[in-house]
Structure formats: C-alpha cells, structure tokens
Amino acid sequence: MNCKNCNIEIDSKFCPDCGEPTKLKRIDGLYIIHEIKHVLHFEKGILYTIKELLLNPGENIRHFINENRVRLVKPIIFIIITSLIYTLINHFFQLEDGYVKFDGDKLSTTNKIFNWVQAHYGYANIIIGIFIAFWIKIFFKRYGYNFFEILILLCFIMGMQMLIFSLSSFLEGLTTINMMQFGSIIGLIYIIWAIGQFFEEKKFSNYLKAFASYFLGMICATLFALAIGAFVDIFIKQ
C-alpha cells in the first residue's frame, strides 16, 4: 500500500519517508489530550513557565532564546492563552474592561478597532508588542538582539502581565473593589523589571530605558489605531 501522506510505497507500520503511521487510531479522549499537550508544548508545563517567568524572567527568557527552547511553553501560544484567560474572566464577572478603554463615537472605525482589541487581546498584544519592540531595539541596540528575539521577550512578559490583570479582575469580581488599578501598576512594574533584567539587571539605566520603551510603544500603538480609524472614516465619507 501507499502512504496516504506522501504516497510512497510502504510495507511497515510507519512510512520510512515521512514517519506517518500506516493505520490511524480512532480519535478519542486520549487523542484530544495529546493534541492539547502538543500544541501547548507541555514538556515542563504552563505552571512551570509561569513560575519561572515570575521569579526570574530575564534569565529564563535569555536561556530560551540562546540555549533551550523546550523548557518553557511556546511564547506566542503563551500570550494568546493568557490573554484569553483575562477576556474570559472579564466576561464572566461582567466587568468593565480596565486594560483598553476608548470613549468616542460608537459608530466610528476607531471605536470598532478598539472593540476588536478588547475581543482579541491575544493577537492585539502581539501587534502592540511590535511597537514596543521597535523602541526596545533602539534603546538596547548595543546588546545585539534582533527584532524578533525582542518580540519573543515581549510575548512572554506581556503574557505574564495579562495573568496579573486576570488575577486583579478575578479579585475585583469577587470583592467588587476596583483591583484593576493595582493590577495595572503591578503589571507595569513587572514589565519594566523583566525587560531591565533581561538585558542587564544591575544597570539602573536599563530600567529607565525599559519604561521609556513600553511607554513610547503604547503611545505609538494607540496613535496608529487612531490614525487608521480616522483615515478609514474620512475615506468612507468621501
């Protein structure tokens, strides 16, 4: 018989060319669990990743980029999952979003853009990370990390920021106390600390550069969204 994947002739349980099995097992509960583990890359577990990023983010992310990419959950998957957790908690407790707010014409394109951000934090954070990464690349140019390596750094630490927001939202939902204010401050401190530690933790100026990079990146991302919204609205009216 021929392999159903690459069409090469086979006479064993597995294709010698692509490794696909001759006969597929039926999909069951074990298959679903295996697929989830495979997608999330659970060699060490997501809880292990959270612990390592909470205690020593700089060293662990440097280790991921330069030496071992198996110990931690894949960064893009990580930020999408943590952003989804934040969104679900907000929807469950029916809380007003404290991360991204926009007060304007509800029918405007700009309002629709910010609504999309609120509904798709995982993808939106990656886009926002591009702007922050641009400024980090400028301020920390001498360290030699390329743009994509910096983006990986941001996927990890912004994912942790979303978990901090998630915990704040969860506590706010339980206590009705506005915990997002504290969560926003803690999340900002964590990002500045993590970026500074990643490059050179004993250098105080790195933490100032980290703050400037994050602040300027957020401003640029916001201005970009406003500009796109305004341009589309002008184009539609014409």
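Everything here concerns the structure above.
Residues numbered from 1 in each chain as written. Predicted model: local features only at pLDDT ≥ 70, side-chain atom pairs only at ≥ 80, totals over all residues. Heavy atoms only, no water.

**Let's talk about a nonpolar patch on the surface**
Right, so step 1: Together, Phe211, Phe215, Ile219, Leu223 and Leu226 give the surface a local cluster of nonpolar side chains, amounting to about 430 Å² of exposed area.
Right, so step 2: Mapped onto the fold, Phe215 is located in helix H9 (residues 204–237). (Patch = residues over 30% accessible without salt bridge, like charges linked within 9 Å, V, L, I, M, F, W, Y side chains within 5 Å. Areas by Shrake-Rupley, 256 points an atom, 1.4 Å probe, with all protein chains shown as cover. Salt bridge = Lys/Arg side-chain N within 4 Å of Asp/Glu carboxyl O. Helix = DSSP H or I, 4+ residues; strand = E, 2+ residues; numbered from the N terminus.)

**Section: the environment of Phe78**
Right, so step 1: Examined against the element boundaries, Phe78 turns out to sit in helix H4 (residues 75–93).
Right, so step 2: Each C-alpha atom, one on Phe78 and one on Ile46, is 8.2 Å from the other, the two residues being 32 residues apart in sequence.
Right, so step 3: Leaving out residues up to four positions away in the same chain, Phe78 has contacts with Ile46, Thr49, Ile50, Leu53, Val73, Cys155, Phe156, Gly159, Met160 and Leu163. (Contact = heavy atoms within 4.5 Å.)

**Examining the packing of aromatic side chains**
Think of a pair of aromatic rings as described by two things: how far the centres are apart, and how the planes are tilted against each other in angle.
Right, so step 1: In total, this model carries 17 aromatic pairs according to the counting rule given.
Right, so step 2: Look at Tyr145 and Phe198: their rings are 4.8 Å apart centre to centre, the planes differ by 45°, and that puts the pair in the tilted class. One end of the pair, Tyr145, is in the loop between helix H6 (121–139) and helix H7 (147–175); the other, Phe198, is in helix H8 (residues 180–200), with 53 residues separating them in the sequence.
Right, so step 3: Its relative accessible area of 1% is what places Phe198 among the buried residues. (Phe/Tyr/Trp six-rings, centres within 6.5 Å; stacked < 30°, edge-to-face > 60°. Buried < 20%, exposed > 50% of the residue type's maximum accessible area, 1.4 Å probe, protein only.)

**Let's talk about helix H5 (residues 109–119)**
Right, so step 1: Along H5, the residues that are buried comprise Thr109, Thr110, Asn111, Phe114 and Val117.
Right, so step 2: Packing partners of the buried residues in H5 comprise H6 and H9.

**Here we look at the environment of His120**
Right, so step 1: Tracing the backbone shows His120 in the loop between H5 and H6.
Right, so step 2: His120 gets classed as partly exposed once you look at its relative accessible area, which sits at 31%.
Right, so step 3: Measuring from C-alpha to C-alpha, the distance between His120 and Leu84 comes to 7.9 Å, with 36 residues separating the pair along the chain.

**A word on the environment of Cys15**
Right, so step 1: Position of Cys15 relative to the elements: it lies in the segment before helix H1 (29–40).
Right, so step 2: For Cys15, a relative accessible area of 4% puts it in the buried group.
Right, so step 3: Along the sequence, Cys15 and Cys3 sit 12 residues apart, while their C-alpha atoms lie 6.4 Å from each other.
Right, so step 4: With near-sequence residues (within four places) excluded, Cys15 lies in contact with Cys3, Cys6, Ile8, Ile10 and Glu20.

**Digging into unusual backbone geometry**
Right, so step 1: At Thr176, a position not held by glycine, the phi torsion is positive, near 65°.
Right, so step 2: As for its placement among the helices and strands, Thr176 is situated in the loop between H7 and H8.
Right, so step 3: Residue Thr176 is classed as exposed on the basis of its relative accessible area, which comes to 71%.

**Considering the side chain of Gln197**
Right, so step 1: Structurally, the position occupied by Gln197 is in helix H8.
Right, so step 2: Given the relative accessible area of 6%, Gln197 is considered buried.
Right, so step 3: Here Gly58 takes part through its backbone nitrogen, which lies 2.6 Å from a polar atom of the side chain of Gln197.
Right, so step 4: Excluding residues within four positions of it along the chain, Gln197 makes contact with Asn56, Pro57, Gly58, Glu59, Arg62 and Tyr207. (Polar contact = N/O pair within 3.5 Å; in protein donor to acceptor, adjacent residues only side chain to side chain.)

**Examining the packing of H6 against H7**
Right, so step 1: The contact between H6 and H7 brings their axes to 8 Å, and the two run at 130°. Here H6 is positioned oblique relative to H7, judged by the angle of their axes. Between H6 and H7 the crossing geometry is right-handed. Here H6 contributes Tyr121, Asn125, Ile126, Ile128, Gly129, Ile130, Ile132, Ala133, Phe134, Ile136 and Lys137 to the contact with H7, which in turn contributes Phe147, Ile150, Leu151, Leu154, Met158 and Met162.
Right, so step 2: Classifying every residue of the contact of H6 with H7 gives 14 nonpolar, two polar and one charged. (Axes fitted to C-alpha atoms, helices over the stretch in contact; angles between N-to-C directions. Parallel < 35°, antiparallel > 145°, perpendicular 65-115°, else oblique. Left-handed = near helix turned anticlockwise from the far one by under 90°. Nonpolar A, V, L, I, M, F, W, Y, C, P; charged D, E, K, R; others polar.)

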